[in-house]
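# A structural walkthrough
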Amino acid sequence: MIATPAAVDNPGLAALPFETYRQAPNAELNERIEAVKRELGDALLILGHHYQQDEVIRFADLRGDSLKLSQLAAESRACRAIVFCGVHFMAETADILSRDEVTVHLPDMGAGCSMADMADLDSVEAAWADLGELIDVEDLTPVTYINSTAELKAFCGRHGGIVCTSTNARKVLDWAFAKNSRALFFPDQHLGRNTARAMGIPLDRMHVWNPRLPLGGNSVEAIENSRVLLWRGHCSVHQMFKPAHVGQFRKQFPGIKVLVHPECMMEVVELADLVGSTEFIIKTVENAPAGSTWAVGTELHLVNRLAAENPDKTIHFLSPMVCMCATMSRIDLPHLAWCLDNLARGTPVNQVKVPDETARWARVALQRMLDLP
Ligand code: 13P
Ligand code: SF4
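Rules of the game
- Residues numbered from 1 in each chain as written.
- Chains lettered and ligands numbered in written order.
- Predicted model: local features only at pLDDT ≥ 70, side-chain atom pairs only at ≥ 80, totals over all residues.
- Heavy atoms only, no water.
- UniProt positions renumbered as here; feature names shortened; annotations may be inferred.
- Helix = DSSP H or I, 4+ residues; strand = E, 2+ residues; numbered from the N terminus.
- Contact = heavy atoms within 4.5 Å.
- Buried < 20%, exposed > 50% of the residue type's maximum accessible area, 1.4 Å probe, protein only.
- Polar contact = N/O pair within 3.5 Å; in protein donor to acceptor, adjacent residues only side chain to side chain.
- Salt bridge = Lys/Arg side-chain N within 4 Å of Asp/Glu carboxyl O.
- Patch = residues over 30% accessible without salt bridge, like charges linked within 9 Å, V, L, I, M, F, W, Y side chains within 5 Å.
- Areas by Shrake-Rupley, 256 points an atom, 1.4 Å probe, with all protein chains shown as cover.
- Lys, Arg positive; Asp, Glu negative; His and termini not counted.
- Charge placed at Lys NZ, Arg CZ, Asp CG, Glu CD.
- Pairing = 2+ DSSP bridges.
- Axes fitted to C-alpha atoms, helices over the stretch in contact; angles between N-to-C directions.
- Right-handed = clockwise from strand over helix to strand, strands pointing away.
- Disulfide = S-S within 2.5 Å.
- Core = buried A, V, L, I, M, F, W, Y, C linked by side-chain atoms within 4.5 Å.

## Some remarks on the UniProt feature "binding site: iminosuccinate" (unreviewed entry) in the chain
In the UniProt entry, the feature "binding site: iminosuccinate" (unreviewed entry) is given for His 49, Ser 66, Tyr 145, Ile 146, Asn 147, Ser 166, His 261, Pro 262, Glu 263 and Thr 278. Note on placement: His 49 falls in strand 1 (residues 44-49). Residues contacting His 49, with those up to four places away along its chain left out, are Ile 57, Gly 64, Asp 65, Ser 66, Leu 69, Cys 85, Gly 86, Met 90, Thr 278 and Met 328. Ser 166 gets classed as buried once you look at its relative accessible area, which sits at 13%. Only 3.5 Å separates the side chain of Ser 166 from the side chain of His 261, close enough to count as a polar contact.

## Focus on the pattern of salt bridges
Going through the model one piece at a time under the given rule, you end up with 14 salt bridges. Here Lys 68 ties to Glu 279 by a salt bridge, and the two come within 3.8 Å at their closest N and O atoms. A residue pair is termed long-range when its members are at least 10 positions apart, and Lys 68 in helix 4 (residues 66-75) and Glu 279 in helix 13 (residues 278-287) qualify at 211 residues. Residue Lys 68 is classed as partly exposed on the basis of its relative accessible area of 33%. We note a salt bridge from Lys 313 to Asp 312, for which the minimum N-O separation is 3.9 Å. By relative accessible area, Lys 313 is classed as buried at 8%. The class for Asp 312 is partly exposed, based on a relative accessible area of 41%. Where salt bridges share partners, they join Lys 68, Glu 279 and Lys 283 into one cluster.

## Here's the deal with a negative patch on the surface
A cluster of acidic residues, Asp 120, Asp 122, Glu 125 and Glu 151, forms a negative patch at the surface. Position of Asp 120 relative to the elements: it lies in the loop between strand 4 (103-105) and helix 6 (121-134). Judged by its relative accessible area of 35%, Asp 120 is partly exposed.

## Description of the sheet that holds strand 12 (residues 293-297)
Across the sheet, which stays open at both edges, the four strands sit in the order 11-10-12-13 with parallel pairing between neighbours. At either margin of the open sheet sits one strand with a lone partner, and together these are strand 11 (274-275) and strand 13 (314-317). Two strands pair when backbone bridges link them, and strand 10 (residues 257-260) and strand 11 are joined in this way by two bridges, in the parallel orientation. Of the residues in strand 11, the one forming a bridge with Val 260 is Val 275. Against the sheet, helix 13 makes contact with strand 10, strand 11, strand 12 and strand 13, and its axis sits at roughly 155 degrees relative to strand 10, the strand it touches most. On top of the sheet, helix 14 (residues 300-309) reaches strand 12 and strand 13; it is set at about 165 degrees to strand 13, its chief contact.

## Things to note about helix 14
All of the buried residues in helix 14 are Leu 300, His 301, Leu 302, Val 303, Arg 305 and Leu 306. N-capping of helix 14 is provided by Glu 299, with a side-chain oxygen placed 2.7 Å from the backbone N of His 301.

## So, the environment of Cys 85
Here Cys 85 is to be found in strand 3 (residues 81-85). In this structure, Cys 85 is in contact with Ile 46, Leu 47, Gly 48, His 49, Gln 52, Val 56, Ile 331 and Leu 336, ignoring residues within four places of it in sequence.

## Side note on the pairing of strand 10
When strand 10 meets strand 12, the two strands line up parallel, connected through four bridges. Bridging from a neighbouring strand, Val 260 pairs with Gly 297 of strand 12. Of the crossover connections in this fold, the one passing from strand 10 over helix 12 (residues 266-271) to the parallel strand 11 is right-handed.

## Digging into the state of the cysteines
On inspection of all chains with the given rule, the structure shows zero disulfides. With no disulfide of its own, Cys 79 lies 14 Å from the sulfur of Cys 339, the closest cysteine sulfur. Between Cys 156, a free cysteine, and Cys 164, which holds the nearest cysteine sulfur, the sulfur-to-sulfur gap is 9.3 Å. On the basis of relative accessibility, which here comes to 0%, the residue Cys 156 falls in the buried class.

## Side note on the nonpolar core
With 127 residues, the main nonpolar core has Ile 82 and Val 143 as its most contacted residues. At eight residues, helix 15 (residues 333-345) tops the list of elements feeding residues into this core. Setting aside chain neighbours within four positions, we find Ile 82 in contact with Leu 45, Leu 47, Ala 73, Ser 76, Ser 98, Val 102, Thr 103, Val 104 and His 105.

## Looking at the sheet that holds strand 2 (residues 62-64)
Reading across the sheet, the four strands line up as 2-1-3-4 and stay open at both edges, with parallel pairing between neighbours. Every other strand in the sheet has two partners, leaving strand 2 and strand 4 as the edge strands with one partner each. Neighbouring strand axes in the sheet, compared pairwise and without regard to direction, differ in orientation by 25 degrees on average. Across five bridges, strand 1 lies against strand 3 in parallel orientation. From the neighbouring strand, Leu 44 faces strand 3, where its bridge partner is Ala 81. The sheet strands contacting helix 4 are strand 1, strand 2 and strand 3, and the helix crosses strand 2 at an angle near 140 degrees. Helix-sheet contacts for helix 15 involve strand 1, strand 3 and strand 4, and the interaxial angle to strand 3 is about 175 degrees.

What follows is the structure in structure tokens.
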């Protein structure tokens, strides 16, 4: 039995330990979550990413993809605390963009993003210094996918760069190329390549930067000739979709439409009918005619939800493997209930707080993105 929260705002109390929540039955956890939501009212805002599991996303006040969630955090007016049912970089972004008095909490600090972990500040600074020996970095725009640490967003802020999401990557690269003739894109090589390709940049002007190799594994000529340098990062969930899966579905279901996220590899994107961010995928399926058949290449929880919410269409998952975001799934009912109870009790846990100087520069790069028309 979980102890009922005793008091609001009692900093002298120790936080409730997580252990009792791990064993508690779901019905009790659901009740606890509902009770805290009622008690805190508008002071609490629960944000949820579309990849979140059903038992958790049902408690989100607002849900969205990364762009929508960052806009919602920036626009939030009434709340004092945001509980983020997503991953760490999303909670950092909410902290950077929300009002100063708002605190942001991630129910399980282990909910990271393996792609975001593939680029760290030291490696990016080292790459920037190496590139500075060969090309004019004043003519190079750093572009970071929002799936990155706040430190990398701050790096972009300081160096005239910008953040993008999968919704606006094209618009962001258009902005970057209006300013400079080259871009360094991190951490997702696939989003960078798919977007630059759609803009007509030839593949032989895009080179992968492997941070473990001298000059990123490139020749001097390749770097001098480059328009886009693509950091060697990827999403372990979206890389599971292969060109052969598209072929299998087309053979088995003639007329099927294939819809994928731009974090999928170029060879998959090229074979798909449509490519776009999570919000785009949801809208496309919702607006599709009844009776249509789709194979969708993105995270499993979202695809299962789309199938359940669109029973008039046939929705397949574009892989025989289970491709789910395991880190996002760490936000489960026990962690959410534990985090909310502690918030209501005045013993907040798992606050995500970006240091002021990092936040200041990261906001510059995020704001450049949010200001795009
Ligand atoms: P969206 O921008 O579509 O929300 O994608 C975020 C993400 O992490 C996809 O893996
Ligand atoms: Fe990161 Fe991939 Fe999970 Fe998105 S799906 S949060 S990119 S690991």
